[in-house]
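# Residue-level structural notes
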Amino acid sequence: MDMIEVDADGVVEFTQALVRIPSTNDPAKGRSEQPAADLVAAKMREWGWDPVVYEAAPGRPNVVAVVEGGGGPGPTLMFEGHTDVVTEGDLSSWTVDPFGGEIRDGKLWGRGSADMKSGLAATLYATRALQLAGPFPGRIKVCALADEEGLMIGAHHFVSEGLAADVDGAIVAEPEAGEICAVAKGALRLRVDLTGKMAHGAMPQHGRNPIQAAGPLLVELRALQDELQARHPAHEHLGEVYVTPTVLQAGSQEQVNVIPAVASVFVDVRTIPGVEHKDIADRVAALAACDGITAEVSVLVDRPPVDVPVTDPVVAALAAAHRTVTGEEPVYGGVPGSTDGTVLTHWGGIPSVVYGPGGKWIAHQADEYVEIDDIVRCTRVFAEAARRFLTGDH
């Protein structure tokens, strides 16, 4: 079977155009995903597709196009990427223009080049390549979603609108350095509010100090992590369970003579398959209980781990495509954080796998870049994976 021909120059140029759009979610600077979404929708229309734009939130659109294969009935494959990027941060840390899209030394530089505008571009150009190669069964749903770097409102909106109902498998084009990642770590973020009684620092006997309750809680959280790690051995691709206090808020440095009424502890929990998030939240609530202090635990983020079998058709098709295009055996890995795939799998019921151009650890750093050859390679792999998934040639 001949290799599907892809537009190598086109996918690189389109990645450049996307990188040159500063699509951070920053209303104060007048920034959002809107211009990037507009560019994606325009490219889809240029090819004769009929994209539909859904407002996940004001000024934060999802763009979805369904490309029918014309080859009769078949499954539906979803390609997914996000249009938002994180802030460029301190410009003094960059040696290139963060939104310049410069190509130098075989690399395309700029914020979002790896995470994940090159992956998004690759999904569009792979779908177009398969469409031009001739009829195929089923269809491809090409999706550019908003807010992956935040609360993933784009993916949640996609699911709540019922757009996931007909999807049989999803490839999420995040940068994974050539690894096929069918597993992803879970994220549980908790806020613990400890409420006591305000009093003068000179008369602590008249108050109840929530800060003194926060200290034992921090110690107990470390013990909870040790317990979870003992009960759930490190995952082959995802490593250990971690329970990490990340923020402690209490009192005011302008009022050091005042015992505050409230202290808050924020906790970032990272989990692996087999760890139940509700059990952890309940345990933290029990650990926070203290005489004279009331404790309230709020769940800020609840993204369970993803564990899709490597035998699932979407993973198998991607692995076979990687083997065909690169001539190398696929390497399986895990996503250290969570992606839109977490939402698609757990709330949308879609088996998902993560694979895309760019280094695994380059995201969110200064001087972010992606290898040009990596963009083109992944475009070819995506096209071949789509053909195999839709024809059942896993």
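Everything below is about the structure shown above.
First, a word on scope: everything that follows refers to the structure included in this document. Counting of residues starts from 1 at the beginning of each chain's written sequence and follows it residue by residue. Local features in a predicted model are, by the rule used here, given only for residues with pLDDT of at least 70; side-chain atom pairs are given and counted only at 80 or more, and totals for whole chains, interfaces and linings are based on all residues. Note that the side-chain values use all heavy atoms of the structure and ignore hydrogens as well as water.

## Some thoughts on helix α4 (residues 153-160)
For α4, the complete set of buried residues consists of G154, A155, H157, F158 and V159. Contact between two residues is taken to exist if any of their heavy atoms lie within 4.5 Å; hydrogens are not considered. In this description a helix means any DSSP run of H or I spanning at least four residues, a strand means any run of E spanning at least two, and both kinds are numbered starting from the N terminus. Each element contacted by the buried residues of α4 is listed here: β1 (52-57), β2 (60-68), β3 (76-82), β6 (139-145) and α8 (340-346). Just past α4, the residue G162 takes up positive phi, approximately 80°. The cut-offs for exposure are 20% and 50% of the maximum accessible area for each residue type, with area from a 1.4 Å probe on protein chains only; residues under the lower value are buried, those over the upper are exposed, and the others partly exposed.

## Side note on the side chain of E88
Inspection of the secondary structure assignment puts E88 in the loop between β3 and β4 (103-104). Here a polar contact means two N or O atoms within 3.5 Å. Within protein one must be a hydrogen donor candidate and the other an acceptor candidate, and residues neighboring in sequence count only if both atoms are side-chain atoms. Among the polar contacts listed, one links the side chain of E88 to the side chain of R31, at a separation of 3.0 Å. Apart from residues lying up to four places away in sequence, E88 is in contact with K29, R31, W94, P98, F99 and R111.

## Things to note about the nonpolar core
Counting 83 residues, the largest nonpolar core has V40, L124, F158, I171 and F382 as its most contacted members. Here this core takes 11 residues from helix α9 (residues 372-391), the largest share from any one element. When residues no more than four places from it in sequence are discounted, the contact partners of V40 are F14, L18, V63, L120, L124 and A144. Remark: nonpolar core denotes a set of buried residues (Ala, Val, Leu, Ile, Met, Phe, Trp, Tyr, Cys) joined through side-chain atoms within 4.5 Å. L194, L217, V269 and I280 belong to the second largest nonpolar core, which has 24 residues in total.

## A closer look at the sheet that holds strand β18 (residues 369-371)
Reading across from one edge, β4-β5-β18 is the order of the three strands in this open sheet, with antiparallel pairing throughout. The two strands at the open ends of the sheet, each matched to only one other strand, are β4 and β18. By the convention used here, strands pair only if DSSP detects at least 2 bridges between them. Here two bridges tie β4 to strand β5 (residues 107-109), and the two strands are oriented antiparallel to one another. The residue bridging I103 from the neighbouring strand is L108, located in β5. Contacting β4 and β5, helix α1 (residues 8-19) crosses the sheet at an angle of about 20° to β5. Axis geometry follows a simple rule: fit a line to the C-alpha atoms, using only the stretch in contact for helices, then measure angles between N-to-C directions, giving values from 0 to 180 degrees.

## Structural notes on the pattern of salt bridges
Salt bridge criterion: a side-chain nitrogen from Lys or Arg within 4 Å of a carboxyl oxygen from Asp or Glu. Summed over all chains, the structure comprises 24 salt bridges. Between K107 and E371 there is a salt bridge, with the nearest N and O atoms lying 3.9 Å from each other. Here K107, found in strand β5, pairs with E371, found in strand β18; they are 264 residues apart in sequence, far enough to count as distant. Overall, K107 belongs to the buried group, its relative accessible area being 18%.

## A word on the packing of α1 against helix α3 (residues 113-133)
The N-to-C vectors of α1 and α3 enclose an angle of 135°; their axes lie 9 Å apart at closest approach. What the angle tells us is that α1 and α3 run oblique. For α1 against α3, the interelement crossing comes out right-handed. Contact residues: α1 offers G10, V11, F14, T15, L18 and V19, while α3 offers S113, K117, S118, L120, A121, A122, L124 and Y125. Here the angle decides the label: under 35 degrees means roughly parallel, over 145 means roughly antiparallel, 65 to 115 means roughly perpendicular, and every other value means oblique. Left-handed describes a crossing in which the near helix is turned anticlockwise from the far one by less than a right angle; the clockwise case is right-handed.

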